[in-house]
Amino acid sequence: MAKENSDTHVLTANRLTDGIVVFWNEEQKWVEQINEADTATDPEWIGYLKKVGEVAEARNIIVEPYLVAVSRNEGVIEPLHIREKFRTLGPSVRSDLGKQAAAVSDERLLIAAE
Amino acid sequence: MPIIRDGKIIEDHWLTIRDEDEIPDAGDIILSPEHALDYVAMGRRHKGRLGARIKSDANPETLGPLLDKIDLIELEFLSFTDGRAYSQATQLRQHLGFKGEIRARGNILVDQLQFMRRCGFDSFEITDKRHFKVWQKTYADLNHAYQRRAQPNDLTGIRKARAG
Amino acid sequence: MYIYDQFDREFVLERVAQLRDQVRRRLTGELNEEEFRPLRLQNGVYLQLHAYMLRVAIPYGTLSSKQMRALADISETYDKGYGHFTTRQNIQFNWPALSDIPEILEKLADVEMHAIQTSGNCIRNVTSDPYAGVASDEYEDPRIFAEFIRQWSTLHPEFAFLPRKFKIAITGAAEDRAAIAFHDIGLRLKPNDLGEIGFEVHVGGGMGRTPMIGQVIKPWLAKSEILDYLQAVMRVYNLHGRRDNKYKARIKILAHELGLEKLSEEVDAEHRKIGVQGSSERQIIDLKEIDRIAEYFASPDLDTQSATLTDKSVGLNDPDYLLWKLINLTEHRHPDYAIVNISLKPYGGIPGDASADEMRTVADIAEQFSLSEIRVAHTQNLVLPYVRKADLPALWRALKASGLETPNKGQVSDIIACPGLDYCGLATARSIPIAQAISNRFKENGLEREIGKVKIKISGCINACGHHHAGHIGILGLEKNGQEYYQITLGGEDADGAAIGKIIGPGFSFAQVPMVVEDILKTYLDNRERGEEFIDTLRRVGVNAFKEDIYADH
């Protein structure tokens, strides 16, 4: 992996009420698709993200916040580790479930709207 | 530390005396088992009641001969996930026949109250004042249990019983 | 099967009310996650890779049509329309919201089900032989004592915070179908020299990072003593099991570190104390109580059950039907009946998963043909225990109409697989697609019949929930340099003659695994002598012969 990529991180957690995997976006707050997440590359921002996670956990919005190392190519954010990759997609054996399905249906809605 | 006992918050008069400390002339004192054994062997001169604190990895049997001279035994919960004191309490109540007060100290959750009572605990040290009301309310709850209080093995005849 | 009485019902409802309050206090923040975690675990609520997961208890794998329908309804209302049957005879839902859990538990309580103690450091579901009560080789129905132990262990106040989880299995037949050798405590009901039935007690078996086979701590224990003895074992474990290291906290480690003899002495000493004068703890189980519980498990009067209308037009010579009969039936103790195995391993499908519709189909079929009773096997399949032979054609047609007639019980495609990295937060690799790839490969090469019985088990990480250590062919999913890779073990066994599989060498890529499995089984076919199953040939020629064949090609 290119060195600069391993410095890029997003903040992730599970929503307390339903356990769904979420990512932090400063404007939208907690989003369900990683491509909408804010990425941080410098230590100050990364420190900020950590704080965001702690506060949100203390406020009982999310549980188990942590930073995920990602690569970013244009609008596509992808975790570097396979576990984290699957976490952004859903079960590979049920393409009709999880975020992968939501992303597809989001796309279809966009196409239909055009 | 506030103590809850019989559903009420009470003041704690017991003094914890470390092994290296002097024993006061009067007061209710809690000693380690070794210290307590020495103290009683030497004649036990203070005015007041005697208690012992037993660590989680200690065998309550070490108190052996003292058990009918002690009014209080404190058992510790190093973490609320550490379940050793439940067994220690059960042993004290069962084959050791201890009749005095058993107190829970350390990291305990109100959700564990029923379990502790059923193992023979009488009193509980509460570290967080915010939880007083919850503790008092929970104390009053009587739950159904398959195992009779402090007699966890009794399946016959208890199935219609309620704990407490 | 056991029916709740008033007490049982009130007990479960109380527990639901408690959890409802605990969830409320969690959502408002009165309880933080650290405090809430052991409480939710005591009610089977995990946080997994994609969402929460709820594990519902199916005591000793027995459930009714009514209960199965309720599970189907719950999967549709609160989840994504399916459930997963596990290697401990339970069912898991993969997508419940925490805020819905109290309602789900209420629905479960309505049909006498719950999720109590299906996770956490407490005594888990007591598992048993899926053929209990109907197997032809049974000494005594183990479910009677499974029910005793279930009640005794449910919210037992002394053992709610053990060093680690505790799993008990009990069997009552000549053949062990409950994998007792790999449990913390394995109980085997068997006759002594005088023909009296009692317990052979095994301790310290387990899977995970350090697989171990249980040892016999008590060769024979009178039935009436079992609860006192278990009390003694649990107490010794609770007091002396390691709490410093999660991976060394099971009783198998304590047994290993103390040695069996010392452990046995400690347990006996504690057992004696339980009987000390003045103690009211000792409770020899009253024979009346044993009889009372036994009544629930009494064999229904099978002779007087009238055969349901059988459809003669099915064609009793249908080769698919005949194959299914050959592979998926097990001998029943009653000559006119059969035990039917329903495979949840359709070719290329997800092992152990069932959709809501499939659950309802099984419920209906059980109601019509099996006195409304269903069993869950630790092999992640279902069982119908009371089927009249005369009803088999009609039953098979009903299964076939819903795609539940896969004739592969115990065959190469009857694979046990944990959820793996597709679902589990602990996993290092995926296991389900490996199972699918193997299953598809053997559908293609047509060798399944030829090969016959073989147990393949797949785990997606070293926690070994797929029981790969006990597979004839075991597959362990690991990760290296961002890629999944798989280690193969050979020669494990979960039944009598229990054994831990041996690693054969360096691991293989995802793509290579089905070919490697094919090679292993071709080596078997090349070497086998008349009548030998895979495991027999393996034991005779040794793992090295297989190792050489595999690594010669890869």
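Residues numbered from 1 in each chain as written. Chains lettered and ligands numbered in written order. Predicted model: local features only at pLDDT ≥ 70, side-chain atom pairs only at ≥ 80, totals over all residues. Heavy atoms only, no water.

### Some points on the confidence of the model for chain A
All names here are of chain A.
- Considering every residue of chain A, the mean pLDDT works out to 90; 92% of them sit at 70 or more.
- Highest mean pLDDT in chain A belongs to strand E1 (residues 9-15) (98); lowest belongs to helix H3 (residues 99-113) (78).
- Scored below 50 in pLDDT, residues 1-5 makes five contacts in the model with residues more than four places away or belonging to other chains. (pLDDT = per-residue confidence, 0-100. Helix = DSSP H or I, 4+ residues; strand = E, 2+ residues; numbered from the N terminus. Contact = heavy atoms within 4.5 Å.)

### Re empty space enclosed by the protein
Residue and element names in this part refer to chain C.
- The tally for this structure, following the rule as stated, stands at six cavities of 30 Å³ or more.
- Size it by volume and the largest cavity reaches roughly 130 Å³.
- Every residue along the wall of the largest cavity is listed here: Met 1, Tyr 2, Tyr 4, Pro 59, Tyr 60, Thr 62, Gln 67, Glu 112, Met 113, Glu 147 and Arg 150.
- Broken down by class, the residue content of the lining of the largest cavity amounts to six nonpolar, two polar and three charged.
- When its volume is computed, the second largest cavity comes out at roughly 110 Å³. (1 Å grid on protein atoms, 1.4 Å probe; cavity = no way out; pocket = protein on both sides within 12 Å on 5 of 7 lines; lining within 4 Å. Points joined across faces, edges and corners; volume = space filled by probe spheres on them. Nonpolar A, V, L, I, M, F, W, Y, C, P; charged D, E, K, R; others polar.)

### Concerning the interface of chain C and chain B
- Contacts between chain C and chain B engage 48 residues on the former and 37 residues on the latter.
- A combined buried area of about 3900 Å² lies between chain C and chain B, and 56% of that area is made up of carbon and sulfur atoms.
- The three residues of chain C that bury the most area against chain B are C:Phe7, C:Pro157 and C:Phe161, which together make up 20% of that side's buried surface.
- Seen at the junction of chain C and chain B, the total is three salt bridges.
- Across the pair B:Glu61 and C:Lys273 runs a salt bridge whose closest N-O atoms are separated by 2.8 Å. (Buried area = accessible area lost by both parts, 1.4 Å probe. Salt bridge = Lys/Arg side-chain N within 4 Å of Asp/Glu carboxyl O.)

### Here's the deal with the interface of chain C and chain A
- Tallying the contact residues gives 32 residues for chain C and 23 residues for chain A.
- Summed over both partners, the interface of chain C with chain A buries about 2200 Å², with 63% contributed by carbon and sulfur atoms.
- Counting every contact that joins chain C to chain A gives zero salt bridges.
- Where chain C touches chain A, the interface holds eight residue pairs in polar contact (both at pLDDT 80 or more).
- Only helix H1 (6-28) and helix H13 (432-445) of chain C provide two or more residues apiece to the side of chain C that touches chain A. (Polar contact = N/O pair within 3.5 Å; in protein donor to acceptor, adjacent residues only side chain to side chain.)

### Digging into the sheet that holds strand E4 (residues 62-73) of chain A
Residues and elements named next belong to chain A.
- The five strands are arranged E3-E2-E1-E4-E5 in an open sheet whose pairing can be described as antiparallel. Of all strands in the sheet, those bounded by a partner on one side alone are strand E3 (29-31) and strand E5 (76-79). With strand direction ignored, the average angle separating the axes of adjacent strands in the sheet is 45°.
- As defined by bridge partners, strand E2 (residues 21-25) adjoins E3 across three bridges and the pair is classed as antiparallel. Residue pairing for E3: Asn 25 is matched across the bridge by Lys 29.
- Sitting on the sheet, helix H1 (residues 43-58) touches E1, E2, E3 and E4, and the angle it makes with E4 is about 150°. (Pairing = 2+ DSSP bridges. Axes fitted to C-alpha atoms, helices over the stretch in contact; angles between N-to-C directions.)

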